[in-house]
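# Architecture at a glance
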Amino acid sequence: MKKRTAGIIKTVIIGVICVGIVAGFYYYLTNRAPRSVETTGETDEITSVLSKNLEKDYPASPRAVIKYYNRILLCLYNETYDDEQYQKLLEKMRALMDEELLENNPQDTFSTQMQNDIAAYKAESKIIATASVCDTDEVAYKKVEGSDCAYVTASYFLRSTKAYNRANQEYVLRKDENGDWKILGFVALEGDNGDAEK
């Protein structure tokens, strides 16, 4: 009888600890503020992203391209930056894009659309809490009209003061004449895209 009571008490204590850990992690995620600008005017991540020389050190795989692209997205949507840094981040983003995508999205139009989208996120106090890319063995490679193409899935966990949701996107990349993988386009995938109230 004592062993049974001790076992129940032990199970209850473990359960309470687990609930406490989950609640603490949830509190951390929902109350974490975007990193602020340091005295240099740039956060460490913005400095790191902008310091990458894409001409000498272009990402070697389709997955690496999307991982770097996601780092730029996180800077644009979550960080504080000035106009010059914004333009430099866009330049890095556009350097990852296929010529066809660039032609369909002129720089001025693209910049305005990004500014509007980022402003809408900030108006809702929304950030991209996490961004992840599928594993290497999940990248699909295909020949499309004679070109080497790759399909990479990325997941984004979005958080605002009132709700959170997850968005999944499949990026299509095409190898250019220099052997670099460039983003040709993307499509939103079916998944857990609905808002969930806190």
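You'll find the chain entered in an unreviewed UniProt entry as DUF4829 domain-containing protein, with Roseburia amylophila given as the organism.

With that out of the way, let us pick up the pattern of salt bridges. Any two side chains of opposite charge can pair if their charged atoms end up close together. This structure, assessed with the given rule, holds seven salt bridges. The partner of E100 in a salt bridge is R174, and the shortest N-O contact between them spans 3.1 Å. You can see E100 sitting in helix α5 (residues 99–104) and its partner R174 sitting in strand β4 (residues 163–175), a full 74 residues away along the chain.

Take the pairing of strand β3 (residues 147–159) next. Regular strands have side chains that alternate between both faces of the sheet. Judged from the six bridges that link them, strand β1 (residues 127–133) and β3 form a sheet pairing that is antiparallel. The partner of S132 across the bridge, within β3, is S155. As defined by bridge partners, strand β2 (residues 140–144) adjoins β3 across five bridges and the pair is classed as antiparallel. Within β3, the position partnered with K143 by the bridge is D148. The antiparallel hairpin formed by β2 and β3 contains two residues in its connecting segment, where E145 sits at a positive phi of about 50°. With 11 bridges joining them, β3 and β4 adopt antiparallel strand pairing. Bridge pairing links A154 to Q169 in β4. Taken together, β3 and the strand that follows it, β4, pair antiparallel across an intervening segment of three residues.

Conventions and cut-offs
- Residues numbered from 1 in each chain as written.
- Predicted model: local features only at pLDDT ≥ 70, side-chain atom pairs only at ≥ 80, totals over all residues.
- Heavy atoms only, no water.
- Salt bridge = Lys/Arg side-chain N within 4 Å of Asp/Glu carboxyl O.
- Helix = DSSP H or I, 4+ residues; strand = E, 2+ residues; numbered from the N terminus.
- Pairing = 2+ DSSP bridges.

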